[in-house]
Amino acid sequence: MKKRLLSLFAVFMTFTLILSACSGGGEKSSSSESKGSEKNPVEGRDNELVIGVSGDPQNWDPIDTFLLDWSTIGTSVFEGLVDRNLDLEIQPGLAESWEYLDDKTLQFKLRQGVTFHNGEPFNAEAVKFTFDRLLGEEGQKGPQYSNYTSIDSVEVVDEFTVNMKLKSQDPVLLTKLAGYGAVIVPPKYIAEKGDEHFNNNPVGTGPFKMTGYKRDQEVVLEKNPEYWKEGLPKLDKVVFKVIPEASTRLAELQTGKIDVMKRVEVAQADTVKESGFLELQEVGTPTAFSLRFDTAKKPLDQKEVRQAINYAVDKEAIINEILGGYGKPISTFQSELSFGNNPDLEPYPYDPEKAKELLKEAGVSEGTELDLFIPGNDGNFKEIAQIVSFYLEEVGLKVNINSVDNTTLISDLIPNGNAGHMYRQGWGGWTLDFDNTAYLMYHEGEQWNPSFKDEKVEELLAAQRATVDQEEREKIFKELTEVLFDLAPELNLYSAVDLYAVNKRVQNFQPPHEDRMRLEEVTVK
């Protein structure tokens with residue numbers, strides 16, 4: 001069996017090398033000497049940075065989007081009451097401080113002397129307008145509304161103080177407020193120009209203001225000279241070029257047309273490493289990937305069968321051989337960056353004999369077929385699905401792989417329980433708190449949970465939402481992860497590691513864990 005595994009991986013590695021050669025966009029250096037003498041091709045860009053990104057969110061109104069492509073750029077334009085730095089620590093933003101006056105009243109003291117890009121003052125009225133809009137008719141049309149439904153209203157106390165009245169306790173509220181759905185927007189500007197104009201001409205309080213936008217082509221940001229953080233930003237201009245194809249982004253980087261490339265593919269990593277003027281930077285992310293089980297379908301209604309599948313698959317081999325090491329093993333459906341991750345839990349070890357034993361005990365006959373659904377546009381995951389299929393074949397299960405449109409998979413097949421026995425699920429964990437994942441994945445009746453239910457899980461989910469004491473929540477999450485590990489509602493594969501390629505002229509650039517680039521401290525030489 002080991003020889004067959006090695007042979008299969010050899011085929012995939014050969015394929016990966018071919019992709020790497022095709023994606024290179026130029027010749028590789030043949031020696032360390034040529035690498036050292038390679039000239040940096042960037043010319044004529046003084047205090048300006050150009051970044052190549054893969055997508056355009058199509059709309060810059062923060063209540064209308066949940067796309068990471070928005071956050072990559074929008075974080076430089078907008079700010080919220082609460083901020084999260086590149087190390088993912090909660091810190092003051094447009095609010096200097098906050099405190100709970102009682103269980104359902106959160107008071108914010110606002111920063112003074114801040115103005116929007118159009119000169120409009122930031123104050124308590126702007127905060128109230130923002131949340132009235134987010135929670136009102138306009139906001140309810142968009143995807144951000146559901147994240148903030150624990151907020152009943154925002155009341156103005158004085159020009160720089162607001163009280164946020166809550167319908168119920170929300171232990172994840174502060175980290176949600178650090179997300180991009182609740183950034184503060186200018187009341188007068190939106191009232192005068194209208195929502196449609198705001199969609200394409202956003203105004204915030206951030207370090208850069210948007211001065212140009214060509215849909216699906218480029219976004220131009222220029223320094224906000226009135227920014228409230230003294231001495232920042234250090235760049236005069238940042239241009240984001242929308243380049244969907246990774247091979248084209250790399251070619252633009254190699255020829256000096258862009259300085260930073262987002263979403264480097266694994267097959268391109270060596271090309272970047274071998275360049276004399278480029279640097280490959282990697283960063284762990286909160287995004288986790290699994291094959292989730294529809295527990296209503298036999299034989300996956302049995303815990304022992306779900307555990308068997310976890311034992312049958314060598315996750316470390318997938319990370320090392322298919323992902324080139326750019327992934328991290330996970331024991332539950334969250335990354336190590338998530339509050340609630342249990343470091344005491346080790347992922348299921350690769351033990352095909354144990355898998356066979358459990359399948360036999362569960363009465364699963366040799367050749368039992370399982371349908372697996374994956375998104376058709378994810379070439380990388382197609383390889384992973386084929387490897388998983390091979391592993392399961394080795395323990396007597398036959399997997400039928402079905403590739404479907406990603407939107408159809410997420411919006412139709414999964415919610416309606418029509419995504420086979422198993423399906424690919426990627427989850428961003430944007431709040432960096434297991435509540436956001438666990439409640440939506442395991443609470444009975446949620447959109448992306450067509451069948452899983454367990455009384456103990458329900459009890460623990462409710463308990464962690466009933467307190468804002470983080471130490472108590474951590475204890476609850478520890479128990480919850482142990483219960484979920486035993487129940488095995490999915491085959492947890494890995495948490496993603498993102499790759500960025502950066503021209504060495506760029507200084508102080510730190511790749512973000514959650515796509516939200518922070519550029520105010522960045523310089524170029």
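Data block above holds the structure.
These numbers were taken from a predicted model, which means no experiment stands behind them.

Student: Just to check I follow, could you spell out the overall build of the protein for this structure?
Tutor: Helix and strand counts for the protein stand at 17 helices and 19 strands. Projected onto its principal axes, the C-alpha coordinates of the protein cover approximately 70 × 65 × 35 Å. For the protein, the proportion of its 525 residues judged to be buried stands at 56%. For the protein, long-range pairs separated by at least 24 residues make up 71% of all intrachain contacts whose partners lie at least 6 apart in sequence. With the model as given, the accessible surface of the protein reaches about 22300 Å², and the carbon-plus-sulfur share is 46%.

Student: Got a minute to help me understand empty space enclosed by the protein in this structure?
Tutor: Scanning the model with the defined rule gives 4 cavities of 30 Å³ or more in all. Roughly 160 Å³ of volume is contained in the largest cavity. Taken together, 19 residues make up the lining of the largest cavity; nearest its centre are Phe78, Glu79, Gly80, Asp83 and Arg518. When grouped by side-chain class, the residues that make up the lining of the largest cavity number 9 nonpolar, 4 polar and 6 charged. Here the second largest cavity defines a volume of roughly 70 Å³.

Student: Would you take a moment to explain the sheet that holds strand S5 (residues 105–110) for this structure?
Tutor: Neighbouring strands of a sheet are bound in pairs by backbone hydrogen bonds; such pairs are parallel or else antiparallel. Read from one edge to the other, the open sheet built from 4 strands follows the order S4-S5-S7-S6, with strand pairing classed as antiparallel. At either end of the open sheet lies a strand with only one pairing partner, and these are strand S4 (95–102) and strand S6 (151–158). Averaged over all pairs of adjacent strands, the angle between their axes in this sheet comes to 20°, without regard to strand direction.

Student: Would you take a moment to explain the side chain of Asp515 for this structure?
Tutor: The residue Asp515 is located in the loop between strand S18 (506–507) and strand S19 (523–524) in this model. Look at Asp515 and you get buried, because its relative accessible area is 5%. Not counting chain neighbours up to four residues away, the residues in contact with Asp515 comprise Leu68, Ser71, Thr72, Lys262, Arg263, Asp498 and Tyr500.

Student: Can you help me understand the environment of Ile151 in this one?
Tutor: Within the secondary structure, Ile151 sits in strand S6. Spatially, the C-alpha atom of Ile151 lies 35 Å from that of Leu345, the residues being 194 residues apart in sequence.

Student: What should I look at first to understand the pairing of strand S17 (residues 490–503) in this one?
Tutor: On a regular strand, one side chain projects to one face of the sheet and the next to the other, so that they alternate. Taking burial as the measure, the 14 residues of S17 include 13 buried ones, the bulk of the element. One ladder, built from 3 bridges, connects strand S11 (residues 260–262) with S17; its direction is antiparallel. For Lys262, the partnering residue across the bridge sits in S17 and is Tyr500. Relative to S17, strand S12 (residues 278–293) is paired through 12 bridges, and the arrangement is antiparallel. For Ser290, the partnering residue across the bridge sits in S17 and is Asn492. The pairing of strand S13 (residues 327–328) with S17 spans 2 bridges and is classified as antiparallel. Its bridge partner being in S17, Lys328 is matched across the sheet by Ser495.

Student: Hey, could you run me through the packing of helix H16 (residues 455–465) against helix H17 (residues 470–487) in this one?
Tutor: Between H16 and H17, the shortest axis-to-axis distance is 9 Å and the interhelical angle comes to 160°. By the angle between their axes, H16 is roughly antiparallel relative to H17. Considering the relative orientation of H16 and H17, their crossing is left-handed. Between H16 and H17, the residues in contact are Lys456, Val457, Leu460, Leu461, Ala463 and Gln464 and Arg473, Ile476, Phe477, Glu479, Leu480, Val483, Leu484 and Leu487, respectively. Residue composition of the contact of H16 with H17, by class: 10 nonpolar, 1 polar and 3 charged.

Student: Would you mind going over helix H8 (residues 246–254) with me for this structure?
Tutor: One turn of the α-helix equals 3.6 residues, which is why residues spaced by three or four share an orientation. Within H8, burial applies to Ala246, Arg249, Leu250, Leu253 and Gln254. In a view along the axis of H8, the buried residues occupy a sector of 135°, so they form one face of it.

Student: Looking at this model, I keep getting lost on the packing of helix H10 (residues 303–312) against helix H12 (residues 352–361). Mind explaining?
Tutor: Close contact between H10 and H12 brings their axes to 8 Å; oriented N to C, the two are set at 165°. Taken together, the axis directions place H10 and H12 in an arrangement best described as roughly antiparallel. Once H10 is placed against H12, the crossing between them reads as left-handed. Of the residues in H12, those touching H10 at Glu304, Val305, Gln307, Ala308, Tyr311 and Ala312 are Pro352, Lys354, Ala355, Leu358 and Leu359. For the contact of H10 with H12, the residue count by class is 8 nonpolar, 1 polar and 2 charged.

Student: Any chance you could explain the pairing of strand S1 (residues 48–53) here in plain terms?
Tutor: Within S1, 5 of the 6 residues are buried, which leaves it mostly tucked inside the rest of the structure. In this sheet, S11 lies alongside S1 in parallel orientation, the contact comprising 2 bridges. In the sheet register, Ile51 faces S11, and the bridge partner there is Val260.

Student: Would you take a moment to explain unusual backbone geometry for this structure?
Tutor: Glycine aside, residues mostly have negative phi angles, and peptide bonds mostly take the trans form. Of note, the bond from Leu232 into Pro233 is cis; its omega dihedral lies within 30 degrees of zero at -5°. Structurally, Pro233 is set in the loop between strand S9 (218–223) and strand S10 (237–242). Cis rather than trans, the peptide bond between Lys298 and Pro299 has omega equal to 0°. Residue placement: Pro299 occurs in the loop between S12 and H10. Its identity as a non-glycine residue notwithstanding, Leu88 has a phi of 70°, on the positive side. Relative to the elements of secondary structure, Leu88 occurs in the loop between strand S2 (82–84) and strand S3 (90–92). The exposure class of Leu88 is buried, given its relative accessible area of 15%. At Arg263, a residue that is not glycine, the phi angle is positive and equals roughly 60°. Topologically, Arg263 is positioned in the loop between S11 and helix H9 (269–273).

Student: How do you make sense of helix H11 (residues 315–322) when you look at a structure like this?
Tutor: Along H11, the residues that are buried comprise Lys315, Ala317, Ile318, Ile319 and Ile322. Two to three positions downstream of the cap, the backbone nitrogen of Glu316 sits 3.3 Å from a side-chain oxygen, assigning the N-cap of H11 to Asp314.

Student: Honestly, the environment of Asp259 in this entry has me stumped. Any pointers?
Tutor: Within the element layout of this structure, Asp259 appears in the loop between H8 and S11. Given a relative accessible area of 0%, Asp259 falls into the buried group. On a C-alpha basis, the gap between Asp259 and Gly52 in space is 7.7 Å, while along the polypeptide they are 207 residues apart.

Student: What is the right way to look at the pattern of salt bridges in this model?
Tutor: Counted by the stated rule, this structure contains 29 salt bridges. The partner of Glu252 in a salt bridge is Lys257, with the nearest N and O atoms 3.8 Å apart. The partner of Asp515 in a salt bridge is Lys262, with the nearest N and O atoms 2.7 Å apart. Of this pair, Asp515 sits in the loop between S18 and S19 while Lys262 is found in strand S11, placing the two residues 253 residues apart along the sequence.

Thresholds applied
- Residues numbered from 1 in each chain as written.
- Predicted model: local features only at pLDDT ≥ 70, side-chain atom pairs only at ≥ 80, totals over all residues.
- Heavy atoms only, no water.
- Helix = DSSP H or I, 4+ residues; strand = E, 2+ residues; numbered from the N terminus.
- Buried < 20%, exposed > 50% of the residue type's maximum accessible area, 1.4 Å probe, protein only.
- Contact = heavy atoms within 4.5 Å.
- Areas by Shrake-Rupley, 256 points an atom, 1.4 Å probe, with all protein chains shown as cover.
- 1 Å grid on protein atoms, 1.4 Å probe; cavity = no way out; pocket = protein on both sides within 12 Å on 5 of 7 lines; lining within 4 Å.
- Points joined across faces, edges and corners; volume = space filled by probe spheres on them.
- Nonpolar A, V, L, I, M, F, W, Y, C, P; charged D, E, K, R; others polar.
- Pairing = 2+ DSSP bridges.
- Axes fitted to C-alpha atoms, helices over the stretch in contact; angles between N-to-C directions.
- Parallel < 35°, antiparallel > 145°, perpendicular 65-115°, else oblique.
- Left-handed = near helix turned anticlockwise from the far one by under 90°.
- Arc of directions from axis to C-beta.
- Polar contact = N/O pair within 3.5 Å; in protein donor to acceptor, adjacent residues only side chain to side chain.
- Salt bridge = Lys/Arg side-chain N within 4 Å of Asp/Glu carboxyl O.

Read these as spatial facts, not as claims about activity.
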